[in-house]
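# Inside the fold
Each chain, written out:
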Amino acid sequence: MDRIQEHFASKIPAAQAEIKTFLAEHGEKVIGEIKVSQIYQGMRGMPALICETSKLDPEEGIRFRGYSIPELQKLLPAYPGCQEPLPEGLFYLILMNELPTDDDVRRVSNNWARRAIVPPHVFKTIDALPSHTHPMTQFVVGIMALRTESEFAKAYANGVPKSEYWETTYEDAMNLIARLPRVAAYIYRRAYKNGEHIEPDTKLDWAGNFAHMLGYDNEEFRELMRLYMTIHSDHEGGNVSAHTVHLVGSALSDAYQSFAAGMNGLAGPLHGLANQEVIKWTLEMKEAIGSETPTKEEIAQYCQETLAGGKVIPGFGHAVLRKTDPRYTAQREFAMKHMPEDPLFQVISNIYDVVPGILEATGKVKNPWPNVDAHSGQLLMHYGLVEYDFYTVLFGVSRAIGTLTNLIWDRALAMPLERPGSTTTGLLKKRFEA
Ligand code: HAX
């Protein structure tokens, strides 16, 4: 066992005991009612999952183990001489429920660097796809190709006892998180940079090295990647990608299978793909209007046309949030600090001023405010990462941290197979219309 794993192991008995005692005392208590409408409307607001790593408040947004994003920007260690939180620290915090020291973060960084070697067959598998294949498809194929390395699958085949499932799940999760930047950078360079790949720089941190392998080596972009990878990592348990990883994992599918399934959910336009849709929509708007910096009136007109065409305005709205997403605010602050004069930032700011009022006026949109995806593309475009089809892969690399940490805990707590009940409209009618 490495030191991180040993420290995690020391936390398991108390967590198991806490849940056992809690269930013995309160297991039969009722925490809410389920309305018929909730069953038809995507189970909104129905508490049905346990996720310890982060919690979303509709008004305030995300807290990771109790800490808001601005708090984490102060409390999590940064790269020497830099300011943004390191995702290694976020990982440590949500796994251990403990703020990391600089040493803890260095240990995670070194651990991931040691594990980061990707077997050659993974690249060959990706190479078998046409290079115009959507990057998210290439990403999922790459993750599945990595599955040959699953320690959990091997251990399970050899009859490992249930109490030890978490140990090989930890190995799989750590290996997968460590290797994803290499796989993602490979897809990016293959699709957009003539297959001219860049070797990792093991002296760098996980996100800094990812920026380097993508081909963006300035310190400001590395800082962006550190912030990006931290804030996109986890968003409580019910979102499509997190829930899917948990659901598929509950069948004892290994970390590779579970995470690949989650990434197929992230690739949907109502979820993670919204980050590419935002930039696509914004560029199309600029082209249709014929201006680099459309006025607020022109933006409003274009929004009305989008809505009249039966389409959503990407980057706005949320199933849980009812205010501006703090992940949006963190990115806006990054833009104000590093690129206040960027013309695309001005456009994104004008969209922020215009869209909520328009969505509110429809009378049906429950949250007219921007979500995380409304801003990320502008920051990437600023540094030259303009190939927006790739953006959801960046989101996916970050999401590995939250979803796989949860999978390790699922195994440590022996979470059972997830299998909710379903009903039929006929049965519901019988029940209420008799
Ligand atoms: N533009 C236009 N209409 C919107 C809208 C938007 N941005 N957001 C919601 N609506 C519409 C819904 O489509 C729905 O319309 P119908 O009644 O005609 O079906 C109505 O308003 C009520 O929806 P809601 O209850 O407010 O929102 P939901 O919980 O059903 O959906 C979504 C939440 C995020 C899917 C939704 O707001 C949306 O489609 N937004 C645009 C896509 C987007 O940005 N997705 C990323 C979300 C964050 C995320 O997961 N990031 O990865």
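Preceding block: the structure.
These lines cover the structure that appears in this document, whether it is placed above or below. Treat the numbers as computed from the prediction; the structure is a model and nothing was measured.

The rules behind these values
- Residues numbered from 1 in each chain as written.
- Predicted model: local features only at pLDDT ≥ 70, side-chain atom pairs only at ≥ 80, totals over all residues.
- Heavy atoms only, no water.
- Helix = DSSP H or I, 4+ residues; strand = E, 2+ residues; numbered from the N terminus.
- Rg over C-alpha atoms; globule rule 2.2 N^0.38 Å.
- Buried < 20%, exposed > 50% of the residue type's maximum accessible area, 1.4 Å probe, protein only.
- Areas by Shrake-Rupley, 256 points an atom, 1.4 Å probe, with all protein chains shown as cover.
- 1 Å grid on protein atoms, 1.4 Å probe; cavity = no way out; pocket = protein on both sides within 12 Å on 5 of 7 lines; lining within 4 Å.
- Points joined across faces, edges and corners; volume = space filled by probe spheres on them.
- Nonpolar A, V, L, I, M, F, W, Y, C, P; charged D, E, K, R; others polar.
- Near = heavy atom within 4 Å.
- Polar contact = N/O pair within 3.5 Å; in protein donor to acceptor, adjacent residues only side chain to side chain.
- Pairing = 2+ DSSP bridges.
- Contact = heavy atoms within 4.5 Å.

Helix and strand counts for the protein chain come out as 20 helices and 2 strands. Since a compact globule built from 434 residues should have a radius of gyration of about 22 Å, the 22 Å found for the protein chain is in line with a globular shape. Sorting the 434 residues of the protein chain into buried and exposed places 52% on the buried side. Carbon together with sulfur atoms contributes 54% to the accessible area of the protein chain, which is approximately 19900 Å² in total.

Unusually for a residue other than glycine, L252 sits at a positive phi of about 65°. You can see L252 is positioned in the loop between α12 (240-249) and α13 (255-266). The exposure class assigned to L252 is partly exposed, which follows from its relative accessible area of 29%. Of note in the backbone geometry, A414 takes a positive phi value of approximately 50° without being a glycine. Inspection of the secondary structure puts A414 in the loop between α19 (391-412) and α20 (425-433). You can call A414 partly exposed: its relative accessible area is 41%.

Throughout the structure, instances matching the rule amount to 4 cavities of 30 Å³ or more. For the largest cavity, the lining is made up of 18 residues, of which I50, C51, H246, N406 and D410 are closest to its centre. Secondary structure elements with two or more residues in the lining of the largest cavity: α12 and α19. The greatest single-element share of the lining of the largest cavity, amounting to 5 residues, is contributed by α19. Looking at the lining of the largest cavity, its residues break down into 9 nonpolar, 6 polar and 3 charged. Volume-wise, the second largest cavity comes out at about 50 Å³. Lining of the second largest cavity is provided by V278, W281, T282, I313, P314, F316, Y328, I348, I351 and A374. Of all the elements in the fold, those that place two or more residues in the lining of the second largest cavity are α14 (274-289) and α17 (343-361). It is α14 that contributes the most residues to the lining of the second largest cavity, 3 residues altogether.

Close contacts around the ligand come from 21 residues, with G315, F316, K364, K366 and D373 the closest. Contact between the ligand and G315: an oxygen atom at 2.8 Å from a main-chain N or O atom of the residue. Interatomic distance of 2.8 Å between a backbone N/O atom of K366 and an oxygen atom of the ligand. Computed on the free molecule, the ligand has an accessible area of 910 Å², of which 76% lies beneath the protein chains in the complex.

Taking every second residue as pointing to the same face, the buried face of strand β1 (residues 54-57) carries S54 and L56, while none of K55 and D57 on the other face is buried. As judged from the 4 bridges shared by β1 and strand β2 (residues 61-64), these two strands associate in the antiparallel manner. Its bridge partner lying in β2, L56 is registered against I62. Where β1 folds back onto β2 in an antiparallel hairpin, the turn is made up of 3 residues.

A word on helix α18 (residues 373-382). Counted residue by residue, α18 has 9 buried out of 10 residues, so it is predominantly covered. Within α18, the full set of buried residues consists of D373, A374, H375, S376, G377, Q378, L379, L380 and M381. Those residues of α18 that are buried are in contact with α11 (219-231), α14, α16 (326-338), α17 and α19.

Take R115: it is sitting in helix α5 (residues 102-115). Here R115 falls in the buried class, since its relative accessible area comes to 11%. There is a polar contact of 2.9 Å between the side chain of R115 and the side chain of N175.

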